[in-house]
Structure formats: C-alpha cells, structure tokens
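Secondary and tertiary structure notes
Residue-level listing of the chains:
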Amino acid sequence: MSNDENTAFSSEMENALSTYQEDFVRENLMSDSFLDFVEQNTKPIDLLFAYYRCAIMEVETKFNVLDESLSVELDRNPIESIQTRVKSVDSLLRKMRRKNIPLNLSAIEEKIHDIAGVRVICSFPDDIYELAEAFLAQDDITLIARKDYIRNPKPSGYRSLHLIVEVPIFLKNEKRNMKVEVQFRTIAMDFWASLEHKLHYKHDLPPERAQALADELRDCAEQIEHLDQRMQAVRNEIVTYNKENPKESEFPGFPLIN
Ligand code: 0O2
C-alpha cells in the first residue's frame, strides 16, 4: 500500500469505528431495556450508598469519642485527623471487574468490603494499636478481617493497619449491619502513602526507571518508619520523665474530687 492509500485506509477505519461506537451506545446504553434497568436500580443503589454513609458517621463518631476521652488520660490527642470517603463508582466497577463479582447489590455488599472507608491518622505508631484495640472492644463492632501492613509492610513499602468491621446502623424500621474499612496510619505513613499514590498513577516510565523509582520509594518508606520510631522514643522518654517527676499541686490541701 502506498502512503496515501495507507492514510485513506486509516481514516476510513476511524470513521467506521466511530459510527460503530455511536451505534453501540444508541442500541445498548440508550436502549429502553437498559434505561429501565437504570431506573429500577438507581433507588436501591442510592439507598445502599446512603447506608454506607450512615455507617461512616457511626464509626467516625466512635473515633471522635475515643479521641476526646483519651485526650484527658494522655494529656494530648492521639488522633491527628480523620478522613472518610465512600468508594467512587468508577473504583467500585473496576474492583467488580477485577474480582469478577456478580452484578447485583447483595454480591456487592457481601464481597466488597471497602465501599465505606474511614482513615484515622494518628500521632505515633503506638496510638494506632491502642485506638484499634479500644475500637474493637466496643460490643457493637464485629471484626471481619485484619491486615497489619505496619508489622508486615506491602512490597511497595506501604504501611497501615487495615480493619474490616461490621457496625450496626439504626434505620426507621430495621437495624442493618454495614461493613466499613478502617485504615490507621501515622502522619508519616500517610505522607508516604498519599505521595506514592499520586506518583504511582501518573507515570508512564520505561520499566527499568519504574523499577528504580519503586526501589527509591521503598527506601523512603523505610526511612519514614525509622522516623516514626525515633519520634515515639522521644515521646516515651518525656512521658516516663513526667511520671517519675510529677508536678506538685499548687493547692495540695483542696482536692476537688476525693
Ligand atoms: P480506593 O477506593 O481508591 O481507596 P481486598 O479489598 O482485600 O480484596 P485490596 O483492595 O487490594 O483487596 O485491599 P488492600 O490492599 O488491603 O487495601 C487497598 C487500599 O489500601 C487501597 O485502596 C489504598 O487505599 C491502600 N493501599 C494498599 N496498597 C497500597 C500501596 O501500595 N500504596 C498506597 N499508596 N496505598 C495502598 P484502593 O484500592 O486504592 O481503593
């Protein structure tokens, strides 16, 4: 084929493809049966996502309560911040495709455990375990799965403690147990994971450079772990000193509570 013939052939193919795509969308995604399917399923999907948002509210409140009560005991707030999200539809559909999950709501509820996500960012690694244990000890929380990527980091260097739990939500006429994924991280672990996530999805490097950068990121993760341990050691020393050298009360003779 000459160059001109080649160009003509390519543009003919492009036109044919775009006509085919348009026909496909009109016949399938705009067909009466598909629009009926969307209409019938929109409400149940909206409802399910509303239940997940309610479950997030329950779990977030539990952590706010723990933070408030522990702040008196520890004289500082063990939680730096809490982030929540409901999984995006795009990410949900990709996971369903990857895991070959049947296209119905009960399969989604049963097999996808991270539609509701709560991320608890803590000051020190020890706070993570203390908070996780206090949370799991609550009698309305059921542990479904625990993945400790702090003690067993992922090959990427990723560190966090993941808990999949079930929490009840109370609706007008029923109680429903909803699954929530709780991720616990220190500020340093979160710094690494946020940047790594951005870098991971944005590069299109040749394989050998990608490998070199992956090694670099893993090394950064190790340094971050080291920093977490050092900061915790500083805190431990201060706590021990304060315990061994309590401040004398200015009003020793007048305790407010006996
Ligand atoms: P999204 O919706 O963007 O937050 P499983 O659910 O157990 O069947 P999965 O999904 O691989 O399988 O679970 P995993 O690995 O325990 O946890 C997935 C989530 O942990 C991810 O959410 C991230 O939030 C985080 N994560 C796991 N590995 C890494 C990593 O190497 N780097 C970073 N930055 N984050 C990680 P998604 O899947 O991105 O979903």
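These lines cover the structure that appears in this document, whether it is placed above or below. (Residues numbered from 1 in each chain as written. Predicted model: local features only at pLDDT ≥ 70, side-chain atom pairs only at ≥ 80, totals over all residues.)

The next point concerns the overall build of the protein chain. Regarding its fold elements, the protein chain presents seven helices and five strands. Mapped in sequence order, the helices and strands of the protein chain form the string α-α-β-α-α-β-α-β-β-β-α-α. Its C-alpha radius of gyration of 26 Å places the protein chain more than 25% over the 18 Å reference for a compact globule of 258 residues. Judged by the C-alpha coordinates and their principal axes, the protein chain covers about 100 × 55 × 25 Å. Every one of the 258 residues in the protein chain was classed for burial, and the buried ones make up 16%. (Helix = DSSP H or I, 4+ residues; strand = E, 2+ residues; numbered from the N terminus. Rg over C-alpha atoms; globule rule 2.2 N^0.38 Å. Buried ≥ 20, exposed ≤ 12 C-beta atoms within 10 Å, placed from the backbone.)

Attention now goes to the site of the ligand. Around the ligand, the surrounding shell holds 13 residues, and the nearest of these are Ser91, Ser156, Tyr158, Ala193 and His197. Considering each element in turn, the shell around the ligand owes the most residues, three residues, to helix H6 (residues 187–202). Looking at the shell around the ligand, its residues break down into two nonpolar, six polar and five charged. (Near = placed C-beta within 6 Å. Nonpolar A, V, L, I, M, F, W, Y, C, P; charged D, E, K, R; others polar.)

Right, let's talk about unusual backbone geometry for a bit. Notably, Asp75 is not glycine yet its phi reads approximately 65°, a positive angle. Mapping Asp75 onto the fold places it in the loop between helix H2 (32–74) and strand E1 (79–86). The phi dihedral of Asn100 is positive, around 55°, even though this residue is not glycine. Secondary-structure assignment places Asn100 in the loop between helix H3 (89–98) and helix H4 (105–111).

What follows concerns the environment of Asp4. Examined against the element boundaries, Asp4 turns out to sit in helix H1 (residues 3–29). As for Asp4 and Gln223, which are separated by 219 residues in sequence, their C-alpha atoms are 58 Å apart.

Glancing now at the sheet that holds strand E2 (residues 116–122). Overall, mixed pairing links the five strands, which are arranged E1-E2-E5-E4-E3 in an open sheet. Edge positions in the sheet fall to E1 and strand E3 (142–148), since each has one partner strand and no second. Going from strand to strand, the sheet's axes swing by 25° on average, the running direction of each strand aside. In terms of strand pairing, strand E4 (residues 161–170) meets strand E5 (residues 175–186) through ten bridges, oriented antiparallel. Paired with Glu166 across the two strands is Lys179, which belongs to E5. (Pairing = 2+ DSSP bridges. Axes fitted to C-alpha atoms, helices over the stretch in contact; angles between N-to-C directions.)

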